[in-house]
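Coordinates in review
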Amino acid sequence: MKSAVEIGAAAESFVSFKLRSFGIGVHAAAPGSPYDLIAEGKNCLLKIQVKGTKKPREGRYHFTTSKGRGHKNRYVADDVDIFAFVALDIEKVYLAPFA
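First things first, this report covers the structure right here in the doc. (Residues numbered from 1 in each chain as written. Predicted model: local features only at pLDDT ≥ 70, side-chain atom pairs only at ≥ 80, totals over all residues. Heavy atoms only, no water.)

Some points on the layout of surface pockets
What counts here: As defined here, a cavity is a set of points on a 1 Å grid over the protein atoms alone where a 1.4 Å probe fits but cannot get out. A pocket is an open set with protein on both sides within 12 Å along at least five of seven lines, and residues line them when an atom is within 4 Å of a point. Grid points are joined across faces, edges and corners, and a volume is the space filled by probe spheres set on the points. Helix and strand assignments come from DSSP, with helices taken as H or I runs of at least 4 residues and strands as E runs of at least 2, each series counted from the N terminus. Residue classes follow a fixed rule: Ala, Val, Leu, Ile, Met, Phe, Trp, Tyr, Cys and Pro count as nonpolar, while Asp, Glu, Lys and Arg count as charged, and any other residue, Gly among them, counts as polar.
Each pocket or cavity is described by its volume, and for the largest pocket that value is around 960 Å³. At the level of elements, helix 1 (4-21), strand 3 (45-53) and strand 4 (66-67) are the ones that each hand at least two residues to the lining of the largest pocket. Looking at the lining of the largest pocket residue by residue, the classes come out as 12 nonpolar, 10 polar and 9 charged.

Next comes the structure, spelled out in structure tokens:
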């Protein structure tokens, strides 16, 4: 797994797997959406943006919380409800609300 696209796809699959293992319904977002997954909350749908990395750099995990290729843009409140940060090497997911 080398490219950012492959890392992202693996991270999205892992988050889907983990949420489903807790009985949470998960669906892939439409292509071009500012988020990757939709999770079924108790009375709502939650937009999840997944950010993955395959290993730490200099002892820390680094994630970019911007969107776009080349020119980066900030996420806004309407784009995403939750960020899912995935460390693929240790198979851990950290969920953080958009703030």
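Details of the sheet that holds strand 1 (residues 26-28)
What counts here: Here, any two strands with at least 2 DSSP bridges between them count as paired. The axes used here are C-alpha line fits, helices contributing only the stretch in contact, and every angle between their N-to-C directions lies in the interval 0 to 180 degrees. Should any heavy atoms of two residues lie within 4.5 Å, those residues are counted as being in contact.
With mixed pairing, 5 strands are arranged side by side in an open sheet as 1-2-3-6-7. Pairing within the sheet leaves two strands with one partner each, and these edge strands are strand 1 and strand 7 (92-97). Averaged over all neighbouring strand pairs, the angle between strand axes comes to 30 degrees, with direction disregarded. Lying over the sheet, helix 1 contacts strand 1, strand 2 (37-40), strand 3, strand 6 (82-87) and strand 7, oriented at roughly 130 degrees with respect to strand 3.

Some points on the packing of aromatic side chains
For any two aromatic rings, the description comes down to two numbers: the centre-to-centre distance and the angle of the planes. The condition is simple: Any Phe, Tyr or Trp ring, taking Trp's six-membered ring, that has another such ring centre within 6.5 Å forms a pair; planes under 30 degrees apart are called stacked, those over 60 apart edge-to-face, and the others tilted. Accessible area is worked out with a 1.4 Å probe on protein chains only. A residue is then buried under 20% of its type maximum, exposed over 50%, and partly exposed in between.
This model, assessed by the stated rule, comprises 5 aromatic pairs. With 5.4 Å between their ring centres and 80 degrees between their planes, tyrosine 75 and phenylalanine 83 make a pair best called edge-to-face. For tyrosine 75, a relative accessible area of 9% gives the class buried. Three or more aromatic residues joined by ring pairs form one cluster here, namely Phe63, Tyr75, Phe83, Phe85 and Phe98.

A look at unusual backbone geometry
With phi around 55 degrees, glutamate 58 is a residue other than glycine that occupies positive phi space. With respect to the element layout, glutamate 58 can be found in the loop between strand 3 and strand 4. On the basis of relative accessible area, glutamate 58 is assigned to the exposed category, the value being 81%. The backbone of glutamate 91 sits at a positive phi, close to 55 degrees, despite the residue not being glycine. Relative to the helices and strands, glutamate 91 is located in the loop between strand 6 and strand 7.

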